[in-house]
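Letter by letter, the chains look like this.
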Amino acid sequence: MPAEEDPSNLSIGELKKQLRWLGASLPAGGLEKSDLVAALKKARAEKADQDRQKEEKVQQKRQEKLQPGVPRESRPLDYEQKISKEKQEVVDLHVLSEEELRRRILSLGGSVPEGSVGKFYLVSVLKNVMKKEAELAELAAARAEFADQEAVA
């Protein structure tokens with residue numbers, strides 16, 4: 001039903017229904033039709049005012065978005081920018097297929113859980129296995145160097 005409809009032509013039940021729909025409370029005391037009509041007119045006016053205020057806020061936000069901000073100094077793109085070796089390694093691992101990640105984990109002596117695991121998990125496991133492998137290689141090199149020094153002495 002249109003909002004412009006004259007409330008005095010509505011039934012009491014319809015007046016109450018529209019008041020509830022607008023979120024207005026029913027007038028206290030004896031409920032005469034004239035009280036309900038006045039309350040509905042007031043609720044419609046308040047609703048129209050709220051809608052107008054919301055629309056003004058929306059328009060204001062749109063205008064703020066359109067206004068240019070503080071200009072930044074432009075910088076040339078640096079295509080030669082280097083990222084850390086560790087970050088590049090992670091990117092390279094994510095490019096591999098899940099099957100290749102599993103194969104590499106197993107070839108380095110790691111274990112892959114049964115069932116479905118995500119690629120991020122596999123990359124994490126492979127990084128850890130590779131890290132342990134590198135630590136073991138460093139330890140073996142240090143032991144070999146120590147053994148060489150003992151043999152010379």
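Reading the values: rules and limits
- Residues numbered from 1 in each chain as written.
- Predicted model: local features only at pLDDT ≥ 70, side-chain atom pairs only at ≥ 80, totals over all residues.
- Heavy atoms only, no water.
- Patch = residues over 30% accessible without salt bridge, like charges linked within 9 Å, V, L, I, M, F, W, Y side chains within 5 Å.
- Areas by Shrake-Rupley, 256 points an atom, 1.4 Å probe, with all protein chains shown as cover.
- Salt bridge = Lys/Arg side-chain N within 4 Å of Asp/Glu carboxyl O.
- Lys, Arg positive; Asp, Glu negative; His and termini not counted.
- Charge placed at Lys NZ, Arg CZ, Asp CG, Glu CD.
- Buried < 20%, exposed > 50% of the residue type's maximum accessible area, 1.4 Å probe, protein only.
- pLDDT = per-residue confidence, 0-100.
- Helix = DSSP H or I, 4+ residues; strand = E, 2+ residues; numbered from the N terminus.
- Core = buried A, V, L, I, M, F, W, Y, C linked by side-chain atoms within 4.5 Å.
- Contact = heavy atoms within 4.5 Å.
- Axes fitted to C-alpha atoms, helices over the stretch in contact; angles between N-to-C directions.
- Parallel < 35°, antiparallel > 145°, perpendicular 65-115°, else oblique.
- Left-handed = near helix turned anticlockwise from the far one by under 90°.
- Nonpolar A, V, L, I, M, F, W, Y, C, P; charged D, E, K, R; others polar.

On the surface, K54, K57, K61, R62 and K65 cluster together into a positively charged patch. Under the relative-accessibility criterion, K61 is labelled exposed at 56%.

Turning our eyes to something else, we now look at the confidence of the model for the protein. With 93% of its residues at a pLDDT of at least 70, the protein reaches an overall mean of 84. Per-element averaging of pLDDT across the protein places helix 3 (residues 85–95) at the bottom with 84 and helix 4 (residues 98–107) at the top with 91.

Right, let's talk about a nonpolar patch on the surface for a bit. Residues I83, V91 and V95 make up a contiguous nonpolar surface patch of about 280 Å² in total accessible area. Position of V95 relative to the elements: it lies in helix 3. Look at V95 and you get exposed, because its relative accessible area is 64%.

A complete count under the given rule lists 5 salt bridges for this structure. R104 serves as the salt-bridge partner of E100, at 2.9 Å between the closest nitrogen and oxygen. Linking E100 with R104, this pair stays in helix 4, spanning 4 residues, or about one helical turn. R104 gets classed as partly exposed once you look at its relative accessible area, which sits at 33%. Three or more residues joined by partner-sharing salt bridges are found here, namely D49, R52 and E56.

With 11 residues, the main nonpolar core is built from L93, L96, L101, I105, V112, V117, L122, V123, V125, L126 and V129. The set of elements that each furnish at least two residues to this core consists of helix 4 and helix 5 (119–152). For this core, the element with the highest residue contribution is helix 5, accounting for 5 residues. With sequence-adjacent residues up to four places away left out, V123 is seen in contact with L93, H94 and L101. In terms of nonpolar packing, the next biggest core, distinct from the first, is built from 8 residues, L10, L15, A39 and A43 among them.

Before going further, it helps to examine the packing of helix 3 against helix 5. In the contact formed by helix 3 and helix 5, the axes pass within 10 Å of each other and the chain directions differ by 130°. Here helix 3 is positioned oblique relative to helix 5, judged by the angle of their axes. Like other packed secondary-structure pairs, helix 3 and helix 5 cross with a definite hand, here right-handed. Between helix 3, through E89, V90, L93, H94 and V95, and helix 5, the contact on the second element is made entirely by K119, F120, V123, L126, K127 and M130. Here the contact of helix 3 with helix 5 is composed, by residue class, of 7 nonpolar, 1 polar and 3 charged.

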